[in-house]
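Okay, here's what each chain looks like letter by letter:
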Amino acid sequence: MDLFQAPDYYNIDDLLTEEHKLVRDASREWVKREVSPIIEEYAQRAEFPKQIIGGLAEIGAFGPYIPEEYGGAGLDQISYGLIMQEIERGDSGVRSTASVQSSLVMYPIYKYGNEEQRKKYLPKLASGEWMGCFGLTEPNHGSNPGGMETKFKDMGDHYLLNGAKMWISNAPFAQVAVVWAKNEEGRIHGLIVERGMEGFTTPETHNKWSLRASATGELIFDNVKVPKENLLPNKSGLGAPLGCLDSARYGIAWGAIGAAMDCYDTALRYTKERTQFGKPIAQFQLQQKKLAEMITEITKAQLLAWRLGVLRNEGKATSAQISMAKRNNVDMAINIAREARQMLGGMGITGEYSIMRHSMNLESVITYEGTHDIHLLITGLDITGLNAFK
């Protein structure tokens with residue numbers, strides 16, 4: 001039974017609107033009912049629970065900030081963050097599935113696509129009828145996406161796409177892929193590639209120790225004919241995919257708080273119940289030190305994410321501010337997961353508790369959407385004006 005109680009040490013609920021709290025509470029109840037009872041089993045099997053896709057759509061997890069006319073929920077950025085927080089409290093892999101659908105597939109189609117593309121794809125993606133993936137990372141280009149080798153040629157009545165992408169969430173079952181590739185002049189563009197196009201395959205990645213309940217794969221393009229109307233017309237250059245990553249990184253900054261809260265809540269409950277030397281271990285100084293540091297770091301991360309949400313709503317948040325929140329909050333969560341695992345002793349490594357699964361998942365979260373070190377250098381560039389990447 002999922003007994004989770006969310007910590008709110010600084011009364012951050014007072015900063016939220018009634019709509020924010022309704023959205024969050026609905027997501028929380030759905031996770032308790034639909035995700036928590038099954039997620040350990042699916043993680044052990046290394047399988048994504050596809051039966052939850054409809055539920056994710058119902059709680060607004062697919063394109064929550066996309067306007068209602070295109071099937072989205074028309075919510076603000078803080079609501080989006082709170083949904084991601086609650087889903088990742090259940091599992092980072094499930095949150096990855098929702099993040100990719102929202103920020104990396106629906107967002108670019110809405111922002112960079114034309115009206116025909118929006119009407120064709122967004123309602124089906126919002127309802128979960130279609131799932132999508134995002135092709136940027138390549139076998140030879142991770143932190144340096146501008147070096148991508150995937151290319152397309154203008155063949156007159158269509159484009160011819162060749163190349164490969166890897167570490168792609170949702171790839172094995174996605175109907176739609178938003179793929180970034182260079183044209184003959186070397187300019188980066190987004191193309192919508194659909195399953196069934198000849199020469200397009202999505203082999204699954206196996207033997208992961210992390211995000212085991214999330215489907216990961218590759219995208220292989222072998223002379224794929226892409227219709228010209230599938231080019232995203234309204235933005236090109238590296239800034240286009242990076243704009244999508246801003247939205248995804250923002251969601252991660254909130255999501256990581258959910259994982260941290262779950263680990264903290266589990267450790268707090270366990271240490272109050274576990275007795276050694278005639279008293280609950282929560283009464284010992286070292287355990288209290290760990291719990292006090294956890295709630296402090298969670299509270300700081302909550303305030304960072306909330307303020308960033310306000311800035312996003314106002315259209316004022318910078319990419320560097322988003323990088324800071326992603327880096328800080330994931331680092332906070334992974335440290336809390338490790339401490340919580342120790343507090344549970346041997347029980348901490350079992351699937352009876354969520355901590356070890358969170359800990360393994362966060363090893364991926366700290367790397368994807370910009371690694372821990374890359375985000376540090378983004379902040380360094382922002383405050384010094386000097387580029388350490390070159």
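Once a new chain begins, its residue numbering starts again from 1 and follows that chain's sequence as written. Only residues with pLDDT of at least 70 get local features here, since the model is predicted, and only at 80 or more are side-chain atom pairs given and counted; chain-wide, interface and lining totals rely on the full set of residues. Calculation of side-chain values draws on the structure's entire complement of heavy atoms; hydrogens and water are dropped beforehand.

## A word on the overall build of the protein
Let me state the cut-off plainly: Here a strand is any run of E in DSSP of at least two residues, a helix any run of H or I of at least four, and the numbering for each starts at the N terminus. Throughout, radius of gyration means the C-alpha value; the globule benchmark is 2.2 Å times the number of residues raised to the power 0.38. Each residue's exposure class comes from its accessible area (1.4 Å probe, protein chains only) as a fraction of the maximum for that residue type: buried when under 20%, exposed when over 50%, partly exposed otherwise. Any two residues whose heavy atoms approach within 4.5 Å are treated as being in contact. In this description, accessible areas are obtained by the Shrake-Rupley approach with a 1.4 Å probe, and a residue is regarded as covered only by the protein chains that are shown. This count recognises Lys and Arg as positive and Asp and Glu as negative, with His and chain-terminal groups excluded. Each charge is placed at NZ for Lys, CZ for Arg, CG for Asp and CD for Glu.
Assigned secondary structure in the protein consists of eleven helices and nine strands. On C-alpha atoms alone, the protein measures out to a radius of gyration of 21 Å, which is about the 21 Å that the 2.2 N^0.38 rule sets for 390 residues. Considering only C-alpha atoms, the protein reaches an extent of 80 × 45 × 40 Å along its principal axes. Looking at the protein residue by residue over its 390 residues, the buried ones come to 56%. Taking as baseline every contact in the protein between residues at least 6 positions apart, the subset at least 24 positions apart corresponds to 75%. As displayed, the protein has an accessible area near 17000 Å², and 50% of this comes from carbon and sulfur atoms. Taken as two groups, the 42 positive and 48 negative side-chain charges of the protein have centres that lie 4 Å from each other.

## Quick word on unusual backbone geometry
Phi is positive for Trp167, close to 60 degrees, though the residue is something other than glycine. Relative to the assigned elements, Trp167 resides in strand S3 (residues 158-169). Even without being a glycine, Phe277 presents a positive backbone phi close to 55 degrees. Looking at Phe277, the relative accessible area reads 79%, which means it is exposed.

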